[in-house]
Amino acid sequence: MTRTLPLDRPAATTTLEVEDLVVEVLTENGWATVVDGVSFSLGRGETLGIVGESGSGKSVTCLAIAGLMPPRQTRVRAGTLRLLGQDLTALDQRQMADIRGPRIAMIFQEPMSSLNPAFTVGDQIAEVLRRHEGLSRKASKARAIELLDRVGVPNPARRFGQYPFEFSGGMRQRVMIAIALACTPDIIIADEPTTALDVTVQAQILELLRAIQREHGMSVIFITHDLGVVADVCDRVLVMYAGQIVEGALLDELFEDPQHPYMEGLLMAMPRMDQVSEALVSIPGHPPQVGAMPAGCRFHPRCSYTREQCTHGDAPALEQVGPTHTTRCLRHPELTLRGTT
Amino acid sequence: MIETEPLLDVRDLQVTFSPRKKMFRERVSLRAVDGVSFQLYPGETVGLVGESGCGKSTTARGLMRLVEPSGGSVTLAGRELLGLPANKMRKARKDIQMVFQDPYSSLDPSMLVLDSIAEPIDVHLDLDRAQTVERVGALLQRVGLPAEYMYRYPHEFSGGQRQRITIARAIAADPKILVLDEAVSALDVSTQNQVIGLLEDLSRDADLTYLFIAHDLSVVRHISDRVAVMYLGQIVEHGDVDRVFDAPAHPYTEALLSAVPLPSPKVQRSRERIVLAGDPPDPSKVPPGCRFHTRCKYAMDVCRTVVPLPTPTIGSGEVTCHLHTSGPQLAGASVRELTTPHAAVVG
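All values derive from a computational prediction rather than experimental measurement.

Digging into the overall build of chain A
Here comes step 1: Counting secondary structure elements, chain A contains 11 helices and 13 strands.
Here comes step 2: In terms of C-alpha radius of gyration, chain A reaches 21 Å, essentially the compact-globule figure of 20 Å for 341 residues.
Here comes step 3: Oriented by its inertia axes, the alpha-carbon framework of chain A measures out at about 70 × 50 × 40 Å.
Here comes step 4: The proportion of buried residues among the 341 residues of chain A is 46%.
Here comes step 5: Across chain A, the fraction of contacts at a sequence separation of at least 24, relative to all contacts at a separation of at least 6, is 66%.

As structure tokens, then:
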């Protein structure tokens, strides 16, 4: 897997371009912004990690890209949202439904709630193939069994006719991957796909995703809070906090040379299994509530490097600090932050 | 080794379930816990790890008698718990309390925090109402929350705060042992670290002993003094936490540790990964011989037929694996010796 992808890629190899994505949700107190001006591009064959605590907007960003935010309670705006050159903002609900599956597929944390308990696993894979690829009943069944085999489900022909409850958590997640893979999409969005699994099963699923990506050259957006998983699978990483990207970098430079205090805090808070650690460090306080963003830098109430200049005005801009590295921190030139080795 | 008497001594614990199989078919009994023995010494934290379904939670529930064990013995400060009548068992629970993973379902949503925390006080301590209220206030402060929170309901709190409340309730009657079953697993890393810090303070100040059950091995390494690794209802390896993590003696421990991705891209790329094939076998169909042989990359002929016995490991603890007694004869050394001949062995 290549790990030297530049941050801004020439158009020919860019799968997805997102510019100034804004998502608002309707709360008791009116519209509140939960994703605030997110911009990034995703290269062909690239695995982009999005990390952050719960509520940072990482899942909402991806749901909005896939057109899966409920229309009445949410508003999605984007300057640019282009998939292989095609403008997604111009599409209506029905056209977006045609995009999901063949072009963008999603894998969620809870395979049990993504699979319909009343239909056999095989039916649910075959349905995607009939709906999007126009395959016949017979052809879709044969292809579904092939897919089950590819994702490592033993006895695929027998398992085709079984129901989700007859599968273990890891096997269900393999089924979800088979469904995502059914139409060989351009992008797979994986939202905490291994969080509910045992580490041994997680290792199998991550290996499977890697192999599939190598085979088909598809792009992957990988949402997780586990920095170990990020280090294992991603080429490049975006760090989100309170609805904004606060840092973006290639994998190694982010871990070795973080440029935002929030990322340093996340790295320092991870207990290391391979090391004896004294006291565990944590980032004090909690992320801000939706609709109650602090002035200035949104992280300033929890940041140990806060100065007067961080506490008022607009949020700092996302600045380029290296050819492939950006940060949203006013004090980055004067700070030396700790990374992992 | 610690020289004192164990506070809790679990010997050959068995928990058997008899699930209803399909109609007109024979009922198959399933040994979820099959001969588990370990000791908790005063003031120490013992970690219990393994994949889901390995029996670690059932071990905890069995020794608390929340499920009734079918055999073995559990002695708490010299007193046998198995077979105690219900009223005496309720009294014995003063000394051993449990904290579960989900603070949302372990607090009654219709009860004030005060009344939830007061329950164990009412059962175990002879206090009047004013003393109880005062004690609840002190307990809340002890877990890092304002005393006034006792007049609120659970829904008013975050996950981390709720877990602090359930810890306050667990320590309300001054127990000696806390059994923590995935107690920090549902929390964000920052909140998790704060709750772990609280648990460490409590064990130091209140001389608490912990059985810490978790699937997150990084957290287990941090908090535990000793660790036991379970597979299919049995402990396959135990020892001091650094020995087990740095020089695992059982191939299952080695595989489990290698599956945890480390938050360092360089280290992660250079590690050897052992991907265990398949899911753990069904506990109703335990393989003959060594239970792990179906997934073990070192499996020998003897492993398929003969049940291995525990042998001492170099450093501390025991391992139950034929590699140490027959074949390559590791004799208690780390299983990593087989792949990296010059691996450091903790002496």
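Read on for the rest.
Points about the UniProt feature "domain: ABC transporter" (unreviewed entry) in chain A
Here comes step 1: UniProt marks residues 16-267 of chain A with the feature "domain: ABC transporter" (unreviewed entry), using the numbering shown here.
Here comes step 2: Taken end to end, residues 16-267 of chain A is 40% helix and 27% strand, and its two terminal C-alpha atoms sit 28 Å from one another.

Quick word on the interface of chain A and chain B
Here comes step 1: At the junction of the two partners, chain A supplies 37 residues and chain B supplies 32 residues.
Here comes step 2: Contributions of two or more residues to the side of chain A that touches chain B are made by α8 (199-216), α9 (227-233), α10 (251-256) and α11 (261-269) of chain A.
Here comes step 3: Residue contributions to the side of chain A that touches chain B peak at 7 residues, all from α8 of chain A.
Here comes step 4: Of the residues in the side of chain A that touches chain B, the class split is 18 nonpolar, 12 polar and 7 charged.

Digging into the domain arrangement of chain B
Here comes step 1: You can read the domains of chain B as domain 1 (96-174) and domain 2 (249-338).
Here comes step 2: The gap between the C-alpha centroids of domain 1 of chain B and domain 2 of chain B is 42 Å.

Structural notes on the sheet that holds strand β12 (residues 318-320) of chain B
Residue and element names in this part refer to chain B.
Here comes step 1: Across the sheet, 8 strands lie side by side as β6-β7-β8-β3-β9-β10-β12-β11; this open sheet has mixed pairing. Looking at which strands have only one partner, the edges of the open sheet turn out to be β6 (96-99) and β11 (310-312). Averaged over all pairs of adjacent strands, the angle between their axes in this sheet comes to 20°, without regard to strand direction.
Here comes step 2: As paired elements, strand β7 (residues 177-181) and strand β8 (residues 209-213) share 5 bridges and run parallel to each other. Directly across from L180, in β8, lies its bridge partner F212.
Here comes step 3: Relative to β6, helix α5 (residues 159-170) is tilted by about 170°, and along the sheet it contacts β6 and β7.

Overview of the confidence of the model for chain B
Residue and element names in this part refer to chain B.
Here comes step 1: On average, residues of chain B carry a pLDDT of 90, and 94% of them reach 70 or more.
Here comes step 2: Every residue in residues 343-347 scores below 50 in pLDDT, and together they form 14 contacts with partners more than four places removed in sequence or on other chains.
Here comes step 3: Interface confidence for the predicted complex, expressed as ipTM, amounts to 0.86; the pTM equals 0.89.

Looking at the confidence of the model for chain A
Here comes step 1: Overall, the prediction assigns chain A a mean pLDDT of 91, with 96% of residues at 70 or greater.
Here comes step 2: Mean pLDDT values for the elements of chain A range from 76 in helix α3 (residues 111-114) of chain A up to 98 in strand β11 (residues 244-250) of chain A.

Considerations on helix α6 (residues 189-205) of chain B
Here comes step 1: The end-to-end C-alpha separation of α6 of chain B is 24 Å, in line with the 24 Å expected for 17 residues at 1.5 Å each.
Here comes step 2: Inspection of α6 of chain B places V189, S190, T191, Q192, N193, Q194, V195, I196 and L199 of chain B among the buried residues, and these make up the whole buried set.
Here comes step 3: Looking at the buried side of α6 of chain B, the elements it contacts are α11 of chain A together with α5, β8 and α7 (217-223) of chain B.
Here comes step 4: In the stretch just after α6 of chain B, D207 of chain B is the one whose phi turns positive, near 55°.

A short note on the packing of helix α7 (residues 169-181) of chain A against α8 of chain A
Residues and elements named next belong to chain A.
Here comes step 1: Orientation of α7 relative to α8, taken along the N-to-C sense of each, is 15°, at an axis distance of 10 Å. Compared by their axis directions, α7 and α8 come out roughly parallel. The crossing of α7 and α8 is right-handed. Two secondary-structure elements touch here, α7 through G169, G170, Q173, I177 and L181 and α8 through V201, Q204, I205, L208 and I212.
Here comes step 2: A per-class count over the contact of α7 with α8 returns 6 nonpolar, 4 polar and no charged.

Points about unusual backbone geometry
Here comes step 1: A positive phi angle, close to 55°, is found at D20 of chain A, a residue other than glycine.
Here comes step 2: Summarising the element assignment, D20 of chain A is placed in strand β1 (residues 14-27).
Here comes step 3: When the 13 C-beta atoms within 10 Å are taken as the criterion, D20 of chain A is described as partly exposed.
Here comes step 4: Phi at D174 of chain B is positive, roughly 55°, even though this residue is not glycine.
Here comes step 5: Within the fold, D174 of chain B resides in the loop between α5 and β7.
Here comes step 6: The exposure class assigned to D174 of chain B is partly exposed, which follows from the 15 C-beta atoms found within 10 Å.

Conventions we followed
Residues numbered from 1 in each chain as written. Chains lettered and ligands numbered in written order. Predicted model: local features only at pLDDT ≥ 70, side-chain atom pairs only at ≥ 80, totals over all residues. Helix = DSSP H or I, 4+ residues; strand = E, 2+ residues; numbered from the N terminus. Rg over C-alpha atoms; globule rule 2.2 N^0.38 Å. Buried ≥ 20, exposed ≤ 12 C-beta atoms within 10 Å, placed from the backbone. Contact = placed C-beta atoms within 7 Å. UniProt positions renumbered as here; feature names shortened; annotations may be inferred. Nonpolar A, V, L, I, M, F, W, Y, C, P; charged D, E, K, R; others polar. Domains from an automatic or database assignment. Pairing = 2+ DSSP bridges. Axes fitted to C-alpha atoms, helices over the stretch in contact; angles between N-to-C directions. pLDDT = per-residue confidence, 0-100. Expected span 1.5 Å × (residues − 1). Parallel < 35°, antiparallel > 145°, perpendicular 65-115°, else oblique. Left-handed = near helix turned anticlockwise from the far one by under 90°.

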